[in-house]
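The residues making up each chain are set out below.
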Amino acid sequence: MSELPVPRLYNTLNRQVEPLVLQDPGFVRMYVCGVTVYNLCHIGHARAYVAFDTLYRALKYLGYQVKYVRNFTDVDDKIINAANEEGVDPFELSERYIKTFHEDMEALGVLKADVEPKVSEHIDEIIAMTEKLIEKGHAYAAEGDVYFAVRSMPDYGKLGRRDLDDLRAGARVEIDENKRDPLDFALWKAKKPGEPAWESPWGEGRPGWHVECSAMSTTHLGATLDIHGGGSDLVFPHHENEIAQSECATGQTYASHWCHNGFVNIDDEKMSKSLGNFFTIREVLERYDGEAIRYFLLTTHYRQPINFSQKPLDEASQRVAYLYTSLAKLSQRLEQAGEAALERAPLEEFDLLSRSQDALLDDLNTPQLLGILADGLRKANELIDHPPASKGERKRVPATLAQLQAQLHPLLEVLGLARQSPVVWLQTRRDRRAQALQLNIDEVEALVAQRFAAKQERNFEEADRLREQLNALGIDLFDRRDGTDWDIREAT
RNA sequence: GGCGUUGUACCCAAGCGGUCUAAGGGAACGGUCUGCAAAACCGUGAUUCACCGGUUCGAAUCCGGUCAACGCCUCCA
């Protein structure tokens, strides 16, 4: 087990890229902050969960056993407010958005986590942790609320690099009568009328924002996590407070590696709910394939900001089409060649996988991975469309292609791309577009056949006339030696 | 104010002291293929990495400064 390649990842705690250190060799405990389910997910969520999904896939690809926990926060002010506005039960609302979360993630190729715990199912653990913190003198109850005392923790602020006195000077914290220090934060909130609440030693109430993650991660992964992830906006105060709660409660290191993804920007400005400049995943899925969105997100390193706009998304879309088209061509060519042809020696040896592994180990360098993918696909297309002139070499093409295919497959698995059969994907896309344009596929096929016949007879005038007719319908033709392929252009 | 990130070709984007006369993609232009196209493939494209200085045998990469953009410190992926 000890021979597994060790990934190097940026650790927010130390502000540098460092090798991943595990408690148990070969086994990764990974926790990523999930969504608060009161609304549809936006493209920022897509970025975060695609990034960590890729990390999850990468770790498994490298041979690690991974227990991935990603929670749902289903008890929260925002949920209660949204439910009240709609006049529905808060849990009905949260269940609804858990469902849409799963649908959106599915479209993006984001795998389910191994455990997806909900706050509402961990109230006991939350209460237990809160009690422990009071017992150890790190928290205090006040009128049904319980607060964490930040001053009780000497190294509070180590993740976000905050100094308590500076923070206080900033004075952007509200003063609360019940708090001993303005920076203290709630572990437990006393019930207000009309809110869901649970019995506790401090009366009826519900958990504060940060404890849930501490309690859920500890429940499912133990006191110390190997990797804890989330968006960079969570560094402070959310993750800082998680550290405070967990380390004060357990006396152990909470997480050895902290990973944070960068933001999605719109017009170079942070996308956020308060600015109102956000897109839901659903909205984007109306225009783009989920895989195109995923591809787009993968083109930028996960820690860098990524600018969300039409052009790069169009490019990603085009690339996904290229990917599927190339893969379809590749498998068709191999099918044609038959088993026997694969016995020959390949023309050259490729190192797609070792290069990919290096990129993966190097702080999850997905842009580089896409570069390697491009190299592989280009090579495959070259061999198919421009096989070598020498007959002997040409006979070795299928074996070469088979080798490429064998390397492409795991690479795509890690990237979470090309999850469908290429032929099916192309077919589906064509059907969808045909429907949008109200095209009758049989009629199109007939026209294409008619044109091919005219072309065979060297009646180019007629052939060109038919091609123009088809072009006008939004159809592109691709002549082969023995027939004509066609596709429907994307509606603009 | 405190903490932090970024500045690479027309655009997007890797690059973590030498293999960088800087990956990959998009656009453009030229070519191969084609009856002509399209697709695919090939080629062209930064002697240069915001600017100035320093460290080093050697820097896009390290250090200091300047300019510019952005993020966190308040709910937020």
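Residues numbered from 1 in each chain as written. Chains lettered and ligands numbered in written order. Predicted model: local features only at pLDDT ≥ 70, side-chain atom pairs only at ≥ 80, totals over all residues.

Looking at the protein's contact with RNA strand B
Gly44, Gly231, His301, Gly371 and Asp479 are the nearest of the 70 residues found near RNA strand B. In terms of residues, the surface near RNA strand B owes the most to one element, helix α12 (residues 366–385), which gives 10 residues. Of the residues contributing to the surface near RNA strand B, the split by class is 24 nonpolar, 22 polar and 24 charged. (Near = placed C-beta within 6 Å. Helix = DSSP H or I, 4+ residues; strand = E, 2+ residues; numbered from the N terminus. Nonpolar A, V, L, I, M, F, W, Y, C, P; charged D, E, K, R; others polar.)

What about unusual backbone geometry?
Most peptide bonds take the trans form, and the phi angle of most residues other than glycine is negative. Cis geometry marks the peptide bond from Phe236 to Pro237, where omega comes out at 5°. Relative to the elements of secondary structure, Pro237 occurs in helix α7 (residues 235–250). For Gln438, which is not glycine, the phi torsion reads 55° and is therefore positive. Its 6 C-beta neighbours within 10 Å are what place Gln438 among the exposed residues. Phi is positive for Arg458, which is not a glycine, with a value near 60°. Mapped onto the elements, Arg458 comes out in the loop between α16 (441–456) and α17 (460–472). (Buried ≥ 20, exposed ≤ 12 C-beta atoms within 10 Å, placed from the backbone.)

Brief notes about α7
Burial of α7 is extensive: 12 of the 16 residues sit out of reach of the surface. Among all positions of α7, only Pro237, His239, Glu240, Asn241, Glu242, Ile243, Ala244, Gln245, Ser246, Glu247, Cys248 and Ala249 are buried. On its buried side, α7 packs onto α4 (123–135), β6 (145–148), β7 (185–190), α6 (211–221), β9 (225–231) and β10 (255–261). The positive-phi residue at the C-terminal boundary of α7 is Gly251, with phi of around 75°. (Contact = placed C-beta atoms within 7 Å.)

Details of the domain arrangement of chain A
Here the domain parsing of chain A yields domain 1 (8–261), domain 2 (309–415) and domain 3 (422–488). Between the C-alpha centres of domain 1 and domain 3 there is a distance of 54 Å. (Domains from an automatic or database assignment.)

A few points about the pairing of β6
Residues of β6 alternate between two faces, with Asp145 and Tyr147 on one and Val146 and Phe148 on the opposite face, all of them buried. The antiparallel pairing of strand β5 (residues 139–142) with β6 creates a hairpin that spans two residues between the two strands, and Glu143 there sits at a positive phi of about 55°. (Pairing = 2+ DSSP bridges.)

Points about the packing of helix α11 (residues 352–361) against α12
Interhelical geometry of α11 versus α12 gives an angle of 170° and a closest axis separation of 9 Å. Regarding the angle of α11 to α12, the classification is roughly antiparallel. Residues Leu352, Arg355, Ser356, Ala359 and Leu360 of α11 lie in contact with α12, whose contacting residues are Gln368, Leu369, Ile372 and Gly376. Grouping the amino acids of the contact of α11 with α12 by side-chain chemistry returns five nonpolar, three polar and one charged. (Axes fitted to C-alpha atoms, helices over the stretch in contact; angles between N-to-C directions. Parallel < 35°, antiparallel > 145°, perpendicular 65-115°, else oblique.)

Concerning the pairing of β9
When you tally the buried positions in β9, you get seven out of seven residues, the bulk of the element. Bridging between strand β3 (residues 27–36) and β9 involves three bridges; their strand directions are parallel. Bridging across to β9, Val32 finds its partner in Gly229. Bridge count for β9 against β10 is six bridges, and the pairing is parallel. Bridge pairing links Ile227 to His257 in β10. Assessed by its sense of winding, the connection that carries the chain from β9 through α7 to β10 is right-handed. (Right-handed = clockwise from strand over helix to strand, strands pointing away.)

Focus: the sheet that holds β7
Strands sit in the order β5-β6-β7-β8 across an open sheet of four strands; the sheet is antiparallel. Of all the strands in the sheet, the pair left with one neighbour each is β5 and β8 (205–207). Within this sheet the neighbouring strands show an average axis-to-axis angle of 20°, counted without direction. One ladder, built from four bridges, connects β5 with β6; its direction is antiparallel. Residue pairing in the sheet places Tyr140 in a bridge with Tyr147 of β6.

So, helix α10 (residues 310–337)
Spanning 28 residues, α10 covers 40 Å between terminal C-alpha atoms, matching the ideal 40 Å at 1.5 Å per step. Looking at α10, one finds that the buried residues are Ala316, Ser317, Arg319, Val320, Leu323, Tyr324, Ser326, Leu327, Leu330 and Leu334. Where α10 is buried, its residues touch α9 (290–298), α12, α14 (397–415) and α15 (422–437). Directly after α10, the chain includes Gly338, whose backbone phi takes a positive value near 80°. (Expected span 1.5 Å × (residues − 1).)

Some words on the nonpolar core
Counting residues in each nonpolar core, the largest one holds 115 residues, and the members touching the most others are Ala46, Phe148 and Leu187. Setting aside residues no more than four positions away along its own chain, Leu187 makes contact with Thr130, Leu133, Ala139, Val146, Tyr147, Phe148, Gly208 and Val211. Core analysis: the second largest hydrophobic core is formed by five residues, Ala463, Leu466, Leu470 and Ile475 among them. (Core = buried A, V, L, I, M, F, W, Y, C linked by C-beta atoms within 7 Å.)

Here's the deal with the environment of Trp209
With respect to the secondary-structure elements, Trp209 resides in the loop between β8 and α6. Assessed through the 19 C-beta atoms surrounding it within 10 Å, Trp209 is described here as partly exposed.

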